[in-house]
Amino acid sequence: MRERNLRKQALESGKTQSRKAREGVSTPSSSRATSAVASPRGGSRVTSRNVSDDESEMSDATQWSTNSLDEMIAPAEDEADDTWIAALEERIEEICDRKRSSAQGREDALLAFSTALVRHYAADEVRSKRDELVVALLKSVKGGQTERETALALKALALMLVTEPSDTVYDALAGPFKTCVNDGQYVAEKIAAIHALSVATFYGGASEEETAGVMDFLLDIVSSDGAVVEEADNAEIVTAALEEWGFLATQLEDMEESTEVAMETFVDQLESASVDVQIAAGDNIALLFEKSYTEAESDDEPATEDEDLDEDVRNGSAPRMIKRYTVYRQQHQLSATLSDLAKASSKRLSKKDRKQLHLSFADIMRTVEKPTRGPRYSTALDEDGHEMGSRLKVTIHGGGKMTIDRWWKLHRLNGLKRLLREGFLVHYELNRVVFDSLPVMVEDD
């Protein structure tokens, strides 16, 4: 057996409308070269209805979501040997041989292919057919006959890249993915394309300039509440764009020049009607405050005796961090907003949403107040009255714990789990690409 599976859990989402939209403030057209361009099309919305078993299977295969951060547990193993390799190779042949395929046949092959790449580390199998697969999958992205075919092809390409990255494939994928975001007929296609574009940017060889361009593209979607891609006030679209903006931001070292515009957009989304949008915007705010600090260098002023240093800095287990620039000028107002969200008690919120809002924004507020503190930082005192500075520890199967002590690590973790879902630990254990993306050692419990 080459790996184990994990339990999965989906996120919820709803509609969004920011303060600008509620007040009737128009979003100025962006001058960015990569900004989204809306194209007319009809019938993009699909009304809610009960789904069949087949549709539920499609949702599981195409959905991008994260498991609970509290625990990641692998279920019992369901394959005792490597028979999946032969099955995967057959699916690859079916995908590449489109001449004899039907829409239903392609969907089934794509579903089986994506499921195999989630559950197993299949770099050898993908590497030998990578070029052919990219060509065939792009045909389904550009001209898929059904929503399901397109969404599955996008997910398959993303899974290929995290399994076997490429320094050159970004150029081939970015254009079709952006077109799908702009012109896709269905919301599911657009959401899948947003996530796949982020993965292609991260693992497909995009330059820093190209990465910044994709982030601008995503920020346009957020600032327009989805309207720029013909999905006005669609919380799922806005949440996806926020999540992937944060994931890509972890790659950039210096974000001082781009922080002001991004902060204005994220602060505005704190007033969204969607809890998912609010939390995703808040997580990005915390990341930007964290990124405004860097490690102290030899030419920085030494620490003073009364400087407020965390315990891990005092004991030498963490470096001293120095503030390099101001993230947001109205920080007092922002802190008040975050405090209100951390104590929100609106009757419109479910108990689950209220709990998640409180937990998330208590974390975000602590980071805004002191940006060197990562998610779930605890200020509990030891016997001598010093803060112990405990960190977020994610429990994994077997009793180990993964310490997530920085927001960039949390964004990476969530990004990888959105893609790999129940297969995250399989890839974390076997896929060097995934480990290098999140180089956090697992500690024994």
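Each remark here, short or long, concerns the structure printed above.
Below, the structure is looked at part by part. Everything numeric in this text was worked out from a predicted model, so none of it was measured.

1. Details of the side chain of Glu-290
Here is step 1 of the chain: Relative to the helices and strands, Glu-290 is located in helix H13 (residues 275-291).
Here is step 2 of the chain: The charged side chain of Glu-290 is buried without a salt bridge, its nearest counter-charge being Arg-406 at 4.6 Å.
Here is step 3 of the chain: Glu-290 has contacts with Pro-371, Arg-406, Trp-407 and Trp-408, leaving out every residue within four places of it along the chain.

2. Concerning the packing of helix H11 (residues 235-249) against H13
Here is step 1 of the chain: Taken N-terminus to C-terminus, the directions of H11 and H13 make an angle of 15°; their axes are 9 Å apart at the nearest point. With respect to their mutual orientation, H11 and H13 come out roughly parallel. For the crossing formed where H11 meets H13, the hand is left-handed. Between H11 and H13, the contacting residues are Ala-235, Val-238, Thr-239, Leu-242, Glu-243, Trp-245, Gly-246 and Ala-249 on the first element and Asp-276, Val-277, Ala-280, Ala-281, Asn-284, Leu-287, Leu-288 and Lys-291 on the second.
Here is step 2 of the chain: Grouping the amino acids of the contact of H11 with H13 by side-chain chemistry returns ten nonpolar, three polar and three charged.

3. Section: the packing of aromatic side chains
Here is step 1 of the chain: This structure, assessed with the given rule, holds five aromatic pairs.
Here is step 2 of the chain: Taking 4.7 Å as the distance between ring centres and 50° as the angle between the ring planes, the aromatic pair formed by Phe-202 and Tyr-203 counts as tilted. Accessibility classification places Phe-202 together with Tyr-203 in one group, the buried group.
Here is step 3 of the chain: Ring centres of Tyr-428 and Phe-435 lie 5.5 Å apart, and the angle between their planes is 55°; on these two criteria the pair is classed as tilted. Grouping residues by exposure puts Tyr-428 and Phe-435 together as buried.
Here is step 4 of the chain: Members of the aromatic cluster, each reached through a chain of ring pairs, are Phe-202, Tyr-203 and Phe-247.
Here is step 5 of the chain: In this arrangement the basic side chain of Lys-178 is found over the ring face of Phe-217, its NZ or CZ atom lying 5.8 Å from the centre.

4. Brief notes about the side chain of Glu-244
Here is step 1 of the chain: On the secondary structure map, Glu-244 appears in helix H11.
Here is step 2 of the chain: On the accessibility criterion, Glu-244 (3% relative accessible area) is buried.
Here is step 3 of the chain: Reaching out from Glu-244, the side chain makes a polar contact with the side chain of Ser-198 at a distance of 2.7 Å.
Here is step 4 of the chain: For Glu-244, the residues in contact, after removing those within four places along its chain, are Ile-194, His-195, Ser-198, Leu-218 and Arg-418.

5. Quick notes on helix H8 (residues 170-183)
Here is step 1 of the chain: When the terminal C-alpha atoms of H8 are compared, their 20 Å separation across 14 residues agrees well with the 20 Å that a helix rising 1.5 Å per residue should span.
Here is step 2 of the chain: When H8 is considered as a whole, its buried residues turn out to be Tyr-170, Leu-173, Ala-174, Pro-176, Phe-177, Lys-178, Cys-180, Val-181 and Asn-182.
Here is step 3 of the chain: Buried residues in H8 make contact with helix H6 (130-143), helix H7 (147-163), helix H9 (187-203) and helix H10 (208-223).

6. Focus on H9
Here is step 1 of the chain: For H9, with 17 residues, the first-to-last C-alpha span of 24 Å sits near the 24 Å given by 1.5 Å per residue.
Here is step 2 of the chain: Counting buried positions over the 17 residues of H9 gives 16, a clear majority of the element.
Here is step 3 of the chain: Positive phi shows up at Gly-205, right after H9, with a value of about 95°.

7. Focus: the packing of H7 against helix H17 (residues 407-420)
Here is step 1 of the chain: Packing of H7 against H17 leaves a shortest axis separation of 10 Å and a crossing angle of 125°. The orientation of H7 with respect to H17, classified from their angle, is oblique. Relative to H17, the crossing made by H7 is left-handed. Across the interface between the two elements, Lys-155, Ala-158, Leu-159 and Val-162 of H7 pack against Leu-416, Arg-418, Leu-419 and Leu-420 of H17.
Here is step 2 of the chain: Across the contact of H7 with H17, the residue classes tally to six nonpolar, no polar and two charged.

8. A closer look at the pattern of salt bridges
Here is step 1 of the chain: Tallying each qualifying case throughout the model produces 17 salt bridges.
Here is step 2 of the chain: Residue Lys-190 pairs with Glu-231 through a salt bridge whose shortest N-O separation is 3.9 Å. Here Lys-190 is found in helix H9, whereas its partner Glu-231 is found in the loop between H10 and H11, with 41 residues between them in sequence.
Here is step 3 of the chain: Judged by its relative accessible area of 0%, Lys-190 falls in the buried class.
Here is step 4 of the chain: The exposure class of Glu-231 is buried, given its relative accessible area of 0%.
Here is step 5 of the chain: Among the ionic pairs, Glu-244 bridges to Arg-418, the shortest N-O distance being 3.1 Å. Taken together, the positions of Glu-244 in helix H11 and Arg-418 in helix H17 put the pair 174 residues apart, joining distant regions of the chain. A single burial state applies to Glu-244 and to Arg-418, both of which are buried.

Thresholds applied
Residues numbered from 1 in each chain as written. Predicted model: local features only at pLDDT ≥ 70, side-chain atom pairs only at ≥ 80, totals over all residues. Heavy atoms only, no water. Helix = DSSP H or I, 4+ residues; strand = E, 2+ residues; numbered from the N terminus. Buried < 20%, exposed > 50% of the residue type's maximum accessible area, 1.4 Å probe, protein only. Lys, Arg positive; Asp, Glu negative; His and termini not counted. Salt bridge = Lys/Arg side-chain N within 4 Å of Asp/Glu carboxyl O. Contact = heavy atoms within 4.5 Å. Axes fitted to C-alpha atoms, helices over the stretch in contact; angles between N-to-C directions. Parallel < 35°, antiparallel > 145°, perpendicular 65-115°, else oblique. Left-handed = near helix turned anticlockwise from the far one by under 90°. Nonpolar A, V, L, I, M, F, W, Y, C, P; charged D, E, K, R; others polar. Phe/Tyr/Trp six-rings, centres within 6.5 Å; stacked < 30°, edge-to-face > 60°. Lys NZ or Arg CZ within 6 Å of the ring centre and 35° of its normal. Polar contact = N/O pair within 3.5 Å; in protein donor to acceptor, adjacent residues only side chain to side chain. Expected span 1.5 Å × (residues − 1).

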